[in-house]
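One-letter residues, chain by chain:
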Amino acid sequence: MKNRIFSGVQPTGNLHLGNYLGAIRNWVRLQKDFDCIFCMVDMHAITVWQDPKELTSNTRMVTAGLLAAGIDPRNCIVFNQSQVFAHAQLAWIFNCVARLGWLNRMTQFKEKAGKQRENASVGLYAYPNLMAADILAYKATHVPVGEDQKQHLELTRDIAQKFNNDFGVEFFPLPEPQILGEATRVMSLRDGSKKMSKSEPSDYSRINLTDGPDLIADKIRKARTDPHPLPDSIAELEKRPEADNLLGIYAALADMGREQALARFAGAQFSDFKAQLTDLAVASLGPIGEEMQRLVRDTSHVDKVLREGAERANALAEPIVRQAMEIVGFLKA
Ligand code: AMP
Ligand code: TRP
């Protein structure tokens, strides 16, 4: 069977450099060699409260980001989850396949629910079953995800395996995670020990894809560093999280290894290094940000891409989910 890639991103908040280097840029590269399906997972988003208007605009914004970064809807399928009913349908079946004990082990639920566990939505708890449905509704074989999603992918494999065993079929493939590339964990510009994140209150902790050149320059100028020049070995660099992060960002944007980037800047003062990092960041992110701004204003185009993507996604998922329903013993419609 041909490799089929599925991945999802939550349409919550603005896209930042971490999303770009850790996820979207990899997707852009994958679309050349594989059958790819990229999904704005709006049904996952509502597992925590979303203002309806913001959910709508964020769905368009994140789609615009993907398109601006180079995801080509002629090469792959781009759509939002809620338009394809197969996801919810299969998720229910998986709610009945997955065991409570499995979900109780999910660290993301524990983190997100925190101390307010009794007050978390049932959807937040069942979230990994919906994610398994996203992937398996297309019989996807490969799933590019960040490190944080590996546990959910293992659960997806357990669900596929249990479904196959319970019903004595070889129906669902066991999808493989694809953890991509080096330097994919981008840290906060304010604190090298924290991930760059959209939920961090300070906007100066991240570079958003929509930030213009002046703002990018200002954020890099104000990024936390230490008083020493850049070291000449990776071992030394790794003792200095902020320096390591900025050099990692440079290397990722320049598409080179960290060693190579370090060789270029060993002994340099931060002021010089930051100026070059700014030039590189503006040159590579500027055009994406501009195109994104343009697309965000062209809602009818973005909506059309999503609608057409959903039709194509539905054509793939519906027959698979219908077959799964027959295997379960549901009467044929
Ligand atoms: P999130 O913004 O957490 O919904 O993540 C969307 C995608 O971006 C996921 O594939 C994450 O793994 C990736 N991502 C988010 N933040 C970072 C970061 N700071 N560094 C690298 N990848 C990230
Ligand atoms: N849970 C993923 C995240 O928070 C998003 C996601 C939902 C996903 N469904 C998916 C990723 C299917 C890969 C495949 O980042």
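About the cut-offs
- Residues numbered from 1 in each chain as written.
- Chains lettered and ligands numbered in written order.
- Predicted model: local features only at pLDDT ≥ 70, side-chain atom pairs only at ≥ 80, totals over all residues.
- Heavy atoms only, no water.
- Axes fitted to C-alpha atoms, helices over the stretch in contact; angles between N-to-C directions.
- Helix = DSSP H or I, 4+ residues; strand = E, 2+ residues; numbered from the N terminus.
- Parallel < 35°, antiparallel > 145°, perpendicular 65-115°, else oblique.
- Left-handed = near helix turned anticlockwise from the far one by under 90°.
- Contact = heavy atoms within 4.5 Å.
- Nonpolar A, V, L, I, M, F, W, Y, C, P; charged D, E, K, R; others polar.
- Domains from an automatic or database assignment.
- Buried area = accessible area lost by both parts, 1.4 Å probe.
- Salt bridge = Lys/Arg side-chain N within 4 Å of Asp/Glu carboxyl O.
- Polar contact = N/O pair within 3.5 Å; in protein donor to acceptor, adjacent residues only side chain to side chain.
- Buried < 20%, exposed > 50% of the residue type's maximum accessible area, 1.4 Å probe, protein only.
- Pairing = 2+ DSSP bridges.
- Near = heavy atom within 4 Å.
- Core = buried A, V, L, I, M, F, W, Y, C linked by side-chain atoms within 4.5 Å.
- Expected span 1.5 Å × (residues − 1).
- Phe/Tyr/Trp six-rings, centres within 6.5 Å; stacked < 30°, edge-to-face > 60°.
- Lys NZ or Arg CZ within 6 Å of the ring centre and 35° of its normal.

(A) Here's a closer look at the packing of helix α4 (residues 86-95) against helix α14 (residues 299-328). Here α4 crosses α14 at 25°, and the two axes come no closer than 10 Å. Here α4 lies roughly parallel to α14, going by the angle between them. Where α4 crosses over α14, the handedness of that crossing is left-handed. Here Ala-86, Gln-89, Leu-90 and Ile-93 of α4 lie close against α14, whose contacting residues are Ala-317, Val-321, Ala-324, Met-325 and Val-328. In terms of residue class, the contact of α4 with α14 is made up of eight nonpolar, one polar and no charged.

(B) Representation of the domain arrangement of the chain in the model. As far as domains go, the chain holds domain 1 (4-184 + 299-328) and domain 2 (203-294). Here domain 1 and domain 2 have C-alpha centroids that lie 31 Å from each other. Each partner contributes to the interface: domain 1 provides 15 residues, whereas domain 2 provides 16 residues. In total, about 1,400 Å² of surface goes out of reach between domain 1 and domain 2, with carbon and sulfur atoms giving 68% of it. Taken together, the connections running from domain 1 to domain 2 amount to one salt bridge. The shortest N-O distance in the salt bridge between Arg-29 and Asp-255 comes to 2.8 Å. Seen at the junction of domain 1 and domain 2, the total is five residue pairs in polar contact (both at pLDDT 80 or more).

(C) Quick peek at the pairing of strand β2 (residues 35-40). Taken across its six residues, β2 has five buried, putting it largely inside the fold. Inspection of the sheet shows strand β1 (residues 4-9) paired to β2 by six bridges, in the parallel sense. Across the sheet, the residue bridging to Ile-5 is Cys-36, located in β2. Examined bridge by bridge, β2 and strand β3 (residues 77-80) share four bridges and lie parallel to one another. Its bridge partner being in β3, Met-40 is matched across the sheet by Asn-80.

(D) Broad picture of the site of ligand 2. Lining the immediate surroundings of ligand 2 are 13 residues, of which Gln-10, Tyr-127, Met-131, Asp-134 and Gln-149 lie closest. In the model, an oxygen atom of ligand 2 is placed 3.3 Å from a nitrogen or oxygen of the Gln-10 side chain. Within the side chain of Tyr-127, one N or O atom sits 2.7 Å away from a nitrogen atom of ligand 2. For the shell around ligand 2, the secondary structure elements donating two or more residues are β1 and α7 (122-136). Of the residues belonging to the shell around ligand 2, the class tally is seven nonpolar, five polar and one charged.

(E) The nonpolar core, seen in detail. Residues Leu-17, Phe-273 and Leu-285 are the most contacted members of the largest nonpolar core, which totals 58 residues. By residue number, the principal contributor to this core is helix α13 (residues 270-297), which donates nine residues. Each of domain 1 (4-184 + 299-328) and domain 2 (203-294) gives at least three residues to this core. Discounting residues that sit within four places of it in the chain, Leu-17 has contacts with Gly-22, Val-186, Met-196, Ile-207, Ile-249, Leu-253 and Leu-285. Counting 46 residues, the second-largest nonpolar core is a separate cluster that includes Cys-39, Ala-98, Met-131 and Met-325.

(F) Focus on helix α11 (residues 241-254). Counted at 1.5 Å a residue, the expected span for α11 with its 14 residues is 20 Å, and the 20 Å between its end C-alpha atoms agrees. By the criterion of burial, α11 is predominantly enclosed, with 12 of the 14 residues buried. By the burial criterion, the buried members of α11 are Glu-242, Ala-243, Asp-244, Asn-245, Leu-246, Leu-247, Gly-248, Ile-249, Tyr-250, Ala-251, Ala-252 and Leu-253. For α11, the secondary structure elements touched by its buried residues are α1 (17-30), α10 (234-237), α12 (258-265) and α13.

(G) Region of interest: the side chain of Thr-210. By secondary structure assignment, the location of Thr-210 is in the loop between β5 (176-178) and α9 (213-222). Under the relative-accessibility criterion, Thr-210 is labelled buried at 18%. Reaching out from Thr-210, the side chain makes a polar contact with the side chain of Asn-14 at a distance of 3.0 Å. Thr-210 has contacts with Asn-14, Gly-289, Met-292 and Gln-293, leaving out every residue within four places of it along the chain.

(H) Just the packing of aromatic side chains, in detail. Counted under the stated rule, the structure contains 13 aromatic pairs. Taken together, a centroid distance of 5.4 Å and an interplanar angle of 25° make the contact between Phe-6 and Tyr-138 stacked. Of the two residues, Phe-6 is situated in strand β1 and Tyr-138 in the loop between α7 and β4 (142-144); the sequence distance between them amounts to 132 residues. We note that Phe-6, like Tyr-138, is buried. Grouped by ring-pair contacts, the aromatic residues Phe-94, Phe-163, Phe-167, Phe-171 and Phe-172 constitute a single cluster. Over the face of the ring belonging to Phe-171 we find Lys-139, whose NZ or CZ atom lies 3.8 Å from the ring centre. The ring of Tyr-204 is capped by Lys-219, whose NZ or CZ atom sits 5.9 Å from the centre of that ring.

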